[in-house]
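Coordinate inspection notes
Here is how the chains run, residue by residue.
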Amino acid sequence: MTDERIEGAVTGVNGKLKSGLGNLTGDTKLQLEGKFDQVKGKALDYYGRAIDQLETLSDRAPEDLRGPVKTGLDFARRKPLLTTGILAGIAFLMAGSGRRRY
């Protein structure tokens, strides 16, 4: 389990507590902060799951490819937003290349 998954779980629980406290007190700002923290916690959990799966796949990779794969995973851990943007851009380009042009 990666640190991101643990942080996501803690952030999600804190968000539920904030949201519940905001509901009890009628504080809409606290409610919104709680909802935001819940979403942030889920995002961190999903990101951590993806990193876990990539690590599992890298362990199964051929010996000569394990070094570059580990380097890529380290980059993804250090710069998660940039990595997400790069992958989203690649997905967008791939989706656009399959369209038929009439």
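Here goes a summary of the coordinates provided. Everything numeric in this text was worked out from a predicted model, so none of it was measured.

The topology assignment puts S19 in helix α1 (residues 3-25). The contacts of S19, once residues within four sequence positions are left out, are L30, Q31, G34, K35 and Q38.

Turning to the packing of α1 against helix α2 (residues 28-60), a few remarks are in order. For any two helices packed against each other, the geometry comes down to the angle between their axes and how far apart the axes lie. Between α1 and α2, the least distance of the axes is 7 Å, while the angle of their chain directions is 165 degrees. Overall, the two elements α1 and α2 adopt an arrangement that is roughly antiparallel. For α1 against α2, the interelement crossing comes out left-handed.

Moving on: the pattern of salt bridges. Considering all chains together, one arrives at eight salt bridges under this definition. For the salt bridge of E55 with R77, the shortest nitrogen-to-oxygen distance reads 2.2 Å. With a gap of 22 residues between them, E55 in helix α2 and R77 in helix α3 (residues 66-78) connect regions that are remote in the sequence. The partly exposed category is assigned to R77, whose relative accessible area is 30%. Across the pair R66 and E63 runs a salt bridge whose closest N-O atoms are separated by 3.1 Å.

On the surface, a nonpolar cluster with roughly 500 Å² of combined accessible area is contributed by L82, I86, L87, I90 and M94. With respect to the helices, strands and loops of the structure, L87 is situated in helix α4 (residues 80-97).

Once that is clear, we can look at the environment of L65. Following the sequence through the fold, L65 ends up in the loop between α2 and α3. Sequence-wise, L65 and D37 are 28 residues apart; in three dimensions their C-alpha atoms are separated by 37 Å.

Before going further, it helps to spend a moment on α2. The terminal C-alpha atoms of α2 lie 49 Å apart, and with 33 residues this matches the ideal 48 Å at 1.5 Å per residue to within 8%. Among all positions in α2, only L30, G34, D37, Q38, G41, L44, D45, Y47, G48, I51, D52 and S58 are buried. In the core, the buried residues of α2 are packed alongside α1, α3 and α4. Between the side-chain oxygen at the start of α2 and the backbone nitrogen of K29 there is a gap of 3.2 Å, and the oxygen is on D27.

Within this model, the largest pocket holds a volume of roughly 410 Å³. If you trace the largest pocket, you find 15 residues lining it, with A43, Y47, P80, L81 and T84 closest to the centre. Only α2, α3 and α4 provide two or more residues apiece to the lining of the largest pocket. The class makeup of the residues in the lining of the largest pocket is ten nonpolar, two polar and three charged.

What counts and how
- Residues numbered from 1 in each chain as written.
- Predicted model: local features only at pLDDT ≥ 70, side-chain atom pairs only at ≥ 80, totals over all residues.
- Heavy atoms only, no water.
- Helix = DSSP H or I, 4+ residues; strand = E, 2+ residues; numbered from the N terminus.
- Contact = heavy atoms within 4.5 Å.
- Axes fitted to C-alpha atoms, helices over the stretch in contact; angles between N-to-C directions.
- Parallel < 35°, antiparallel > 145°, perpendicular 65-115°, else oblique.
- Left-handed = near helix turned anticlockwise from the far one by under 90°.
- Salt bridge = Lys/Arg side-chain N within 4 Å of Asp/Glu carboxyl O.
- Buried < 20%, exposed > 50% of the residue type's maximum accessible area, 1.4 Å probe, protein only.
- Patch = residues over 30% accessible without salt bridge, like charges linked within 9 Å, V, L, I, M, F, W, Y side chains within 5 Å.
- Areas by Shrake-Rupley, 256 points an atom, 1.4 Å probe, with all protein chains shown as cover.
- Expected span 1.5 Å × (residues − 1).
- Polar contact = N/O pair within 3.5 Å; in protein donor to acceptor, adjacent residues only side chain to side chain.
- 1 Å grid on protein atoms, 1.4 Å probe; cavity = no way out; pocket = protein on both sides within 12 Å on 5 of 7 lines; lining within 4 Å.
- Points joined across faces, edges and corners; volume = space filled by probe spheres on them.
- Nonpolar A, V, L, I, M, F, W, Y, C, P; charged D, E, K, R; others polar.

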